[in-house]
Amino acid sequence: MEEMMEDSESVEMSGPEPVQGVAAAWDSVSAALVSPGFSVSDQNLVDGLALLCRRGLAPLLGVWLLETLQMRLSSSVVPEFWCGLKQPENELEERGRAWVLLTAFRTLLDRLEPFLSGLEKLGAWQQEGRCGLSGPGPKGLKEQAFTTIRALLLFSPSPVLQERVLEFYSRTFSVYMKQEGNAEDGAEAPDGSEGGACPGCGVPLHQCWCLEALEQLQQLSHILSKLQLLDWVSSEAVTSILHKLIEQRMEQHCRGEYERSFLLNFQEWLELVLGWLGKVFACEGSGDGPAPASLASPVMKQWRCHMHQFFCRIYVNMRIEELFSIIRDFPESKAAIEDLKFCLERTNQRQQLLTSLKSAFESRLLHPGVHTSDILTVYISAIKALRELDPSMVILQVACQPIRKYLRTREDTVRQIVAGLTGDAEGCTDLASELSRGDPVTLEMQDSDDEGTDPEDWTPDPTDAVPDKLGSKRRSSDIISLLVSIYGSKDIFIDEYRGVLADRLLQQLNYNTAREIRNVELLKLRFGESHMHYCEVMLKDMADSRRINGNIREEESRLSEDEQPPLPLSAIILSSEFWPTLKEEKLELPPVVCRAMEAYTHRYEKLKAMRTLSWKPHLGSVILDVELEDRILTNLTVSPIQAAIILHFQDKSSWTLEELSGKLGAPKELVHRKLALWQQQGVLREEAGGRYYVVEMGSSMEKLERGGMLIDSDEERDSNTTTQSEQREEKLQLFWAYIQAMLTNLDSMTLDRIHSMLRIFVATGPVVTEMDISELEAFLQKKVREQQLLMSAGVYRLPKPT
Amino acid sequence: MKVKIKQWNGVASWLWVANDENCGICRMPFNGCCPDCKVPGDDCPLVWGQCSHCFHMHCILKWLNSQQVQQQCPMCRQEWKFKE
């Protein structure tokens, strides 16, 4: 402004020439600039310009022009534009609205055209340096003008514009896609053409304005690019349209669909979309007509990048949401995992994936309502799926941490895993096949062979890796090793397996151990020979028992008729040191069975010098027939105590619970439970006063058809071995004596102190090292509850003897 | 009612008829086996001396082999003679 003042001063000082002439020259030049239609003869113009230059007024031309543009914009053009855009308040149909939009922009262009061409002209003069004119040239001038336009026009944009633009672009997009789609595959939208509505513009066919819409799109792009408003007006709308469309398409095609890969499909589709983008961002082009932006132009390259990014992000978002189901469906969902892997590498969403997966596990899996075997099944598929997704195993390690922690708190985890390994678990054959696949020792050897790998190929761990002593090398993906390491020690598993093996062997009737031998051999490969030694002895016991049985049978067959044993008895003979602790139950068997056992023992002693047998009367199984007056139950397989009960009823047809319990030497509750089987079979019934009677005449005949293997309905098939927790309890009980002694001598001790003392004193057993401090604490707390121990201020002491 | 036992599958554990539980030499249970053996029973038998002490056969043989002068029972220091 100041400059202008100076200029005008200088004008007046040096003004001998008629002011009139200057004014006329200014008028003619400015008129020539603003309205192209104004006819001023070239000479006239040149003269005027020269005059202005001479008077030093020429630099003002550009300023004046921009000023006028600004004035005009704010006073009439901008209000007119917004007015025109809003005018038909919601009365028009989409088609009309599109027309209004275009018209508004067209008018805008019409209004601004004179100024733009004026600037162009002035710029050209400046460039040519005509009459000593100088300035920023057409480019610079226009740049300034566009900035002004943008500033004034979009200073307070009404939401109507965005809405309209969005609507218009969406429409042209569907029109375009319809046309392209038809060209590529007509099957995509066959219903549209038949259903009466045009799939492109969504109105009845006879009113179809598809072509018109495309035409309008072209024009709009042209106008916007001319005014350099394209980026400002369209980008946002286009971005949100793309986002929405990709999301929509993904919802439609991919959600819940894990068995197909969608990458290629989407790649093709995105190329199609790029075609449309080319139309939207038609650059002003070399010619006067707007040419679709070529795919190689920087704008398009940028959009292509954006779109891929959108796609990856949206895909990853969706799959993260669904990851739990994908894992559950693995390996059927392998395609989805591979897609996800591809996209995840391009977006920075690992952390999101981890958090989401963790919480999915926690809310859907790790609660009391889920069976342990189901948790294991999911965990196994998670291992398989995640090692596919992330070969560095970091996701696996981090995301599955909660599962491992939770499994540690379940009592039957080990049993389930072992059952899985031996192929007992129903529906969970993964582990068994994994076991037979190969041994990890050799597998890992291949992995960790350092010399084989090129140091150049080294890749660092992802940043979210848990720093631990084991490097990425040791981060195992072997399912069995991972499961076994839940507890951190093999021994617990081996012990549990021994328990399971013992159960299975004791339930056998025919010494058939082929399957167990195979399992033990496989486990030997995995855990090492020495760990499985006990199991081998157990299997050998089975084979020995079979041979001894054969021997004894042969001997018996040589006996005369009346020397025959009272009942056919065979035995499984255990090496007690090698079998897991078997449950001790008292049971007095009927004399006839005892006699048979004595005879058997006698023969055994003859066979094996200096050795004898100690029978476990409650273990084993009995096959028997029950003959009643009107029916026969054949081939029932029952437990010894059930057999003993029914044998007693043979001698005397009614017993009370007390009598039976006394006779059998077993607790009443147990006898009561075992009686249930015979009641269920309709052989016994209970009458008032707690007496049980034999039902000689069966009234309900339908039960009789049932034969064969009977399993007590009211109880789980109980294990013959003591459970893990019972054994632990026993071991801890052993420490109780030590703890008492320590506290007697030292008066009071903290938990840590007790733990470390126990370590020192009881160092010989393998038990202490396995016992962690929390377990000890739980044990001590129990003692406190039982009032055998006092605890205050973190120290334990014995109660004072009263 | 008549009950006919067709088959009784019993379970028993075998044990040595010995006057002690553990071998005096290796301190392992008789019903287990000596430290050198894997399988108990027939493969790792017990032997009795005339002094009535008994040991894992492998243990006492090892002991006797290590005695240069006189072969004595490690428990009672009487001369070791296998019980017939």
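Small disclaimer: the values here were computed from a predicted structure and weren't measured. (Residues numbered from 1 in each chain as written. Chains lettered and ligands numbered in written order. Predicted model: local features only at pLDDT ≥ 70, side-chain atom pairs only at ≥ 80, totals over all residues. Heavy atoms only, no water.)

Undergrad: How should I be thinking about the environment of Leu670 of chain A in this particular structure?
TA: All names here are of chain A. Along the polypeptide, Leu670 turns up in helix H28 (residues 668–680). With a relative accessible area of 10%, Leu670 lands in the buried category. Along the backbone, Leu670 and Ile641 are 29 residues apart, and their C-alpha atoms lie at a distance of 9.3 Å. Those residues in contact with Leu670 that lie beyond four places of it in its chain are Glu585 and Ile641. (Helix = DSSP H or I, 4+ residues; strand = E, 2+ residues; numbered from the N terminus. Buried < 20%, exposed > 50% of the residue type's maximum accessible area, 1.4 Å probe, protein only. Contact = heavy atoms within 4.5 Å.)

Undergrad: Please explain the sheet that holds strand S1 (residues 2–16) of chain B as it appears in this structure.
TA: One key point about sheets: their strands pair by backbone hydrogen bonds, in either a parallel or an antiparallel sense. Across the sheet, which stays open at both edges, the four strands sit in the order S1(A)-S1(B)-S2(A)-S3(A) with mixed pairing between neighbours. On the outer flanks of this sheet lie strand S1 (569–575) and strand S3 (632–638) of chain A, each paired with one strand and no other. On average, adjacent strands in this sheet sit at an angle of 25° to one another, irrespective of strand direction. Here S1 of chain A pairs with S1 of chain B via seven bridges, running parallel. In the strand pairing of S1 of chain B, Ser570 of chain A is matched with Asn9 of chain B. (Pairing = 2+ DSSP bridges. Axes fitted to C-alpha atoms, helices over the stretch in contact; angles between N-to-C directions.)

Undergrad: Sorry if this is basic, but what is going on with the environment of Asn549 of chain A here?
TA: Residue and element names in this part refer to chain A. As for its placement among the helices and strands, Asn549 is situated in helix H24 (residues 533–557). Sequence separation of Asn549 and Ala571 is 22 residues, and the distance between their C-alpha atoms is 6.9 Å. Contact partners of Asn549, with chain neighbours within four places excluded, come to Tyr511, Ser570, Ala571 and Tyr600. Of the polar contacts made by the side chain of Asn549, one reaches the side chain of Tyr600; its length is 2.2 Å. (Polar contact = N/O pair within 3.5 Å; in protein donor to acceptor, adjacent residues only side chain to side chain.)

Undergrad: Honestly, empty space enclosed by the protein in this entry has me stumped. Any pointers?
TA: To locate leftover empty space, one rolls a probe as large as a water molecule over the atoms. Residue and element names in this part refer to chain A. Taken as a whole and assessed by the stated rule, the structure comprises nine cavities of 30 Å³ or more. When residues of the lining of the largest cavity are traced back to their parent elements, those giving at least two are H24 and S1. Residue composition of the lining of the largest cavity, grouped by class: seven nonpolar, three polar and seven charged. (1 Å grid on protein atoms, 1.4 Å probe; cavity = no way out; pocket = protein on both sides within 12 Å on 5 of 7 lines; lining within 4 Å. Points joined across faces, edges and corners; volume = space filled by probe spheres on them. Nonpolar A, V, L, I, M, F, W, Y, C, P; charged D, E, K, R; others polar.)

Undergrad: Honestly, helix H13 (residues 334–344) of chain A in this entry has me stumped. Any pointers?
TA: Helical geometry: 3.6 residues make up each α-helical turn, so side chains three or four residues apart lie on a common side. Where H13 of chain A is concerned, the buried positions are Ala335, Ala336, Ile337, Asp339, Leu340, Cys343 and Leu344 of chain A. Looking at the buried side of H13 of chain A, the elements it contacts are helix H11 (263–280), helix H12 (298–329), helix H14 (350–364), helix H15 (372–389) and helix H16 (394–399) of chain A.

Undergrad: It is not clear to me how the nonpolar core should be interpreted in this structure. Could you clarify?
TA: One broad rule of soluble globular proteins: the nonpolar side chains tend to lie buried together. The biggest cluster of nonpolar side chains holds 168 residues, and the ones touching the most others in it are Phe105, Tyr169, Trp276, Leu277, Phe311 and Phe361 of chain A. With 15 residues, H12 of chain A is the single largest residue contributor to this core. Shared between two domains, this core holds at least three residues of each, these being domain 1 (19–156) and domain 2 (494–617) of chain A. Excluding residues that lie within four positions of it along the chain, Phe361 of chain A makes contacts with Phe324, Ile327, Leu366, Val378, Ala382, Ala399, Cys400 and Ile403 of chain A. In terms of nonpolar packing, the next biggest core, distinct from the first, is built from 70 residues, Ile552, Ile645 and Leu670 of chain A together with Cys26 of chain B among them. (Core = buried A, V, L, I, M, F, W, Y, C linked by side-chain atoms within 4.5 Å. Domains from an automatic or database assignment.)

Limitation: the analysis is restricted to geometry and does not speak to function.
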